[in-house]
Amino acid sequence: MLVLPKGIRHIPGYLDRERQEAVLAEIRAVVAEAPLFVPTMPKTGKPMSVRMTNCGPLGWVTDKERGYRYQPTHPATGKPWPAMPGILMDIWSELSGYAQEPEACLVNYYTDEAKMGLHQDRDEKDFSAPVLSLSLGNACLFRVGGKNRNDRTVSFRLESGDAVIIGGEGRLNFHGVDRIYPDTSGLLRNGGRINLTMRRVNS
Ligand code: MD6
Ligand code: FE
């Protein structure tokens, strides 16, 4: 049996197909209003392979000049992020164990070739709240380690509908996506994978 680090919880099949479709419809509306953008790394300006957008009062963005941060507006349109859909608020209430509402939902779109390097989520002021992740579309190989980049890691597959909660002692653990498995879900017509991460930013 695979043992996950303390504070990391994986809930396979948390969203049934009907609820996945409902979340997807909301995310399509978010993307229509707040188009996916290509995030770039601080200082180097190297583009990440995922495309991103956000909903909720705050959104996570990054670019060469100003680096990782949360801001209330879309970097390209300058408009406020779309509201957090009610269905995501409900899922946060069901899973987070945290009394306050989420302030940001980062939407990551992966083509079947995209990946995400090992990182910590540490741009929030409040680490007492967990980060709640939902996966839609093709499966991926998810990797999670400890608080130090060189700590031993464990890897497991995330399928469409799975939830992951990173909180408590695991809140600052390194994690990343090594690969997407093409043709492993019929949810997204053009393949790829969507990951949603809901966060509390301010205490
Ligand atoms: C992904 N997930 O699944 C990337 N971050 O595509 C994350 O970076 C992540 O799954 C914080 C908490 C849970 C996560
Ligand atoms: Fe993360």
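For the structure itself, look to the data block above.
Everything numeric in this text was worked out from a predicted model, so none of it was measured. (Residues numbered from 1 in each chain as written. Chains lettered and ligands numbered in written order. Predicted model: local features only at pLDDT ≥ 70, side-chain atom pairs only at ≥ 80, totals over all residues. Heavy atoms only, no water.)

Student: Teacher, can you tell me more about the coordination of the iron ion (ligand 2) here?
Tutor: In an ideal tetrahedron of four donors about a metal, each angle is 109.5 degrees. In an ideal octahedron of six donors, the angles are 90 or 180 degrees. Here the iron ion (ligand 2) is held by the protein donor atoms His119 (NE2), Asp121 (OD) and His175 (NE2), which lie 2.1 to 2.2 Å from it. Binding-site remark: the iron ion (ligand 2) is held by donors from one chain whose sequence spacing is H-x1-D-x53-H. Taken together, the residues aspartate 121 in the loop between β6 (116–119) and β7 (131–137) and histidine 175 in strand β11 (residues 175–181) connect sequence positions 54 residues apart. For the pair aspartate 121 and histidine 175, a shared accessibility class is recorded, and that class is buried. (Donors = N, O, S within 2.8 Å, 3.2 Å for Na, K, Ca; no water. Helix = DSSP H or I, 4+ residues; strand = E, 2+ residues; numbered from the N terminus. Buried < 20%, exposed > 50% of the residue type's maximum accessible area, 1.4 Å probe, protein only.)

Student: It is not clear to me how helix α2 (residues 86–95) should be interpreted in this structure. Could you clarify?
Tutor: For an α-helix, the turn length of 3.6 residues means that residues three or four places apart are oriented alike. The set of residues buried in α2 consists of Ile87, Leu88, Ile91, Trp92 and Leu95. Axial view of α2: buried residues confined to an arc of 145°, hence all on one face. (Arc of directions from axis to C-beta.)

Student: What should I look at first to understand the packing of helix α1 (residues 17–33) against α2 in this one?
Tutor: Helix packing geometry: the angle between the two helix axes and the distance between the axes. Where α1 meets α2, the closest approach of the two axes is 10 Å, and the angle between their N-to-C directions is 130°. Viewed along their axes, α1 and α2 adopt a mutual orientation that is oblique. The segment α1 lies against α2, with Arg19, Ala22, Val23, Glu26 and Ile27 engaging Ile87, Leu88, Ile91 and Glu94. When the residues that make up the contact of α1 with α2 are grouped by side-chain class, the tally is six nonpolar, no polar and three charged. (Axes fitted to C-alpha atoms, helices over the stretch in contact; angles between N-to-C directions. Parallel < 35°, antiparallel > 145°, perpendicular 65-115°, else oblique. Contact = heavy atoms within 4.5 Å. Nonpolar A, V, L, I, M, F, W, Y, C, P; charged D, E, K, R; others polar.)

Student: How should the sheet that holds strand β10 (residues 163–166) be read in this particular structure?
Tutor: Ordered in space as β1-β10-β7-β12-β5-β2, the six strands form an open sheet in which the pairing is antiparallel. Both edges of this open sheet fall to β1 (8–11) and β2 (51–55), since each of them pairs with a single strand only. The average angle at which neighbouring strand axes cross in this sheet is 20°, direction not considered. Along the sheet, α1 makes contact with β2, β5 (104–110), β7 and β12 (193–199), crossing β2 at roughly 95°. (Pairing = 2+ DSSP bridges.)

Student: Looking at this structure, I do not really get the side chain of threonine 197. What am I missing?
Tutor: Its place among the elements puts threonine 197 in strand β12. A distance of 2.8 Å separates the side chain of threonine 197 from the side chain of arginine 199, its partner in a polar contact. (Polar contact = N/O pair within 3.5 Å; in protein donor to acceptor, adjacent residues only side chain to side chain.)

Student: Which parts of the structure should I look at to understand the nonpolar core?
Tutor: The tendency in soluble globular proteins is for nonpolar side chains to be buried as a group. Counting 28 residues, the largest nonpolar core has Val23, Leu88, Ile91, Ile194 and Leu196 as the members making the most contacts within it. Looking at this core, the elements that each hand over two or more residues are α1, α2, β5, β7, β10 and β12. In terms of residue count, the dominant contributor to this core is α2 (five residues). Leave out the neighbours within four places in its chain, and leucine 88 touches Val23, Ile27, Cys55, Cys105, Leu134, Leu196 and Met198. (Core = buried A, V, L, I, M, F, W, Y, C linked by side-chain atoms within 4.5 Å.)

Student: Would you explain the site of ligand 1 in this entry?
Tutor: The environment of ligand 1 is made up of Tyr110, His119, Asp121, Val131, Ser133, Phe142, Ile166, His175, Val177, Arg193, Asn195 and Thr197. A distance of 3.3 Å separates a nitrogen atom of ligand 1 from a polar side-chain atom of aspartate 121. The contact in question runs from an oxygen atom of ligand 1 to an N or O atom on the side chain of arginine 193, over 2.7 Å. When isolated, ligand 1 has an accessible area of 350 Å², and the protein chains bury 98% of it. Looking at the shell around ligand 1, the elements with two or more residues in it are β7, β11 and β12. By residue number, the principal contributor to the shell around ligand 1 is β12, which donates three residues. Taken together, the residues of the shell around ligand 1 sort by class into five nonpolar, five polar and two charged. (Near = heavy atom within 4 Å. Areas by Shrake-Rupley, 256 points an atom, 1.4 Å probe, with all protein chains shown as cover.)

Student: What am I meant to see in the sheet that holds strand β8 (residues 139–144) here?
Tutor: What links the strands of a sheet is backbone hydrogen bonding, and the strands pair in either a parallel or an antiparallel sense. The sheet built from four strands is open, its strands ordered β6-β11-β8-β9 with antiparallel pairing. Looking at the sheet topology across the chains shown, the edges are occupied by β6 and β9 (154–158). Pairs of neighbouring strands in the sheet enclose a mean axial angle of 25°, with direction left out of account. When β8 meets β9, the two strands line up antiparallel, connected through five bridges.

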